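Reading the structure
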Amino acid sequence: MIITVTGTPGVGKTTLSKLLAERLGYEYVSVRDFALEKGIGESAGDEIEIDVDELARLASEEFRERNVVIDGHLSHFIPADIVIVLRLHPGAVAERLKVRGYPPKKLAENVEAEFVDVILVEAVEENENVLEVDTTGKGPEEVLNEVLSLLQAGIKRRVGIVDWSDSYGEILPYLMEGR
Ligand code: DAT
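Residues numbered from 1 in each chain as written. Predicted model: local features only at pLDDT ≥ 70, side-chain atom pairs only at ≥ 80, totals over all residues. Heavy atoms only, no water.

Close contacts around the ligand come from 14 residues, with Gly10, Lys13, Thr14, Thr15 and Arg100 the closest. Note that an oxygen atom of the ligand is positioned 2.8 Å from one of the backbone N or O atoms of Lys13. A distance of 3.3 Å is found between a nitrogen atom of the ligand and a backbone nitrogen or oxygen belonging to Pro140. Contact with the protein chains removes 68% of the 550 Å² of surface that the ligand exposes when unbound. For the shell around the ligand, the elements supplying multiple residues, two or more each, are α1 (13–24) and α7 (140–152). If one sorts the elements of the shell around the ligand by residue count, α1 sits on top with 3 residues. A per-class count over the shell around the ligand returns 4 nonpolar, 6 polar and 4 charged. (Near = heavy atom within 4 Å. Polar contact = N/O pair within 3.5 Å; in protein donor to acceptor, adjacent residues only side chain to side chain. Areas by Shrake-Rupley, 256 points an atom, 1.4 Å probe, with all protein chains shown as cover. Helix = DSSP H or I, 4+ residues; strand = E, 2+ residues; numbered from the N terminus. Nonpolar A, V, L, I, M, F, W, Y, C, P; charged D, E, K, R; others polar.)

In helix packing, the relevant descriptors are the interaxial angle and the interaxial distance, both defined with respect to the helix axes. Running from amino to carboxyl end, helix α2 (residues 31–38) crosses helix α3 (residues 52–63) at an angle of 95°, the nearest separation of the two axes being 11 Å. The orientation of α2 with respect to α3, classified from their angle, is roughly perpendicular. Contacts between α2 and α3 involve Val31, Phe34 and Lys38 from the first element and Leu55, Leu58, Ala59, Glu62 and Phe63 from the second. For the contact of α2 with α3, the residue count by class is 6 nonpolar, no polar and 2 charged. (Axes fitted to C-alpha atoms, helices over the stretch in contact; angles between N-to-C directions. Parallel < 35°, antiparallel > 145°, perpendicular 65-115°, else oblique. Contact = heavy atoms within 4.5 Å.)

Let's shift gears to the pattern of salt bridges. Counted according to the given criterion, the structure contains 13 salt bridges. Note that Glu141 is salt-bridged to Arg23, the shortest N-O span being 3.7 Å. In this pair, Glu141 sits in helix α7 while Arg23 sits in helix α1, placing the two residues 118 residues apart along the sequence. Here Glu141 falls in the partly exposed class, since its relative accessible area comes to 43%. Linking Glu146 and Arg158 is a salt bridge whose minimum nitrogen-to-oxygen distance equals 3.0 Å. (Salt bridge = Lys/Arg side-chain N within 4 Å of Asp/Glu carboxyl O. Buried < 20%, exposed > 50% of the residue type's maximum accessible area, 1.4 Å probe, protein only.)

Along the chain, Thr6 turns up in strand β1 (residues 2–6). There is a polar contact of 3.5 Å between the side chain of Thr6 and the backbone oxygen of Gly72. A distance of 2.8 Å separates a polar atom in the side chain of Thr6 from a polar atom in the side chain of His76. In this structure, Thr6 is in contact with Lys13, Gly72, His73, Leu74, Ser75, His76, Val83, Ile84, Val85, Leu86 and Ile119, ignoring residues within four places of it in sequence.

This is the structure in structure tokens:
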């Protein structure tokens, strides 16, 4: 079983993926580490650029017979049994990325991406089985329990559960600062 955990940077993918892998007894895999190990990631400053077609091909080959939770904002390009898309209010994304020291332009790009559902849209284009989970105001254990309940109930698709349009006024200063 391959479960991928995706979402905008800062939404809590790594935190959830590790908890979920531990609870299910699955292996935890980071897309970044996998890509570097396989030589399909190219360094671009502090980030890496990954060839997503190669990522999908090599990950399918590698994890076909294994139980894994794969963490990364490109993980939804990997063929999976279930894709979990974590969502977080864009204002909260901005706060987390500020704490992480993101420069204004990169921060604004990611806040805007969360605002307009970029990763959710990509995920539903790639896979039927997408579970969207709103993490706003929820601690890691609460998010974990929500995901476990959905998996245990056998729910394979749940999308369209958030609407960030009301947050525009709040995120506008970040967008302006990143121009
Ligand atoms: P990502 O992997 O999506 O970039 P992360 O797991 O590294 O995100 O989390 C980003 C920061 O937010 C990190 O300091 C841990 C914190 N965090 C993660 N999940 C959280 C939650 N549900 N509630 C509060 N803080 C959380």
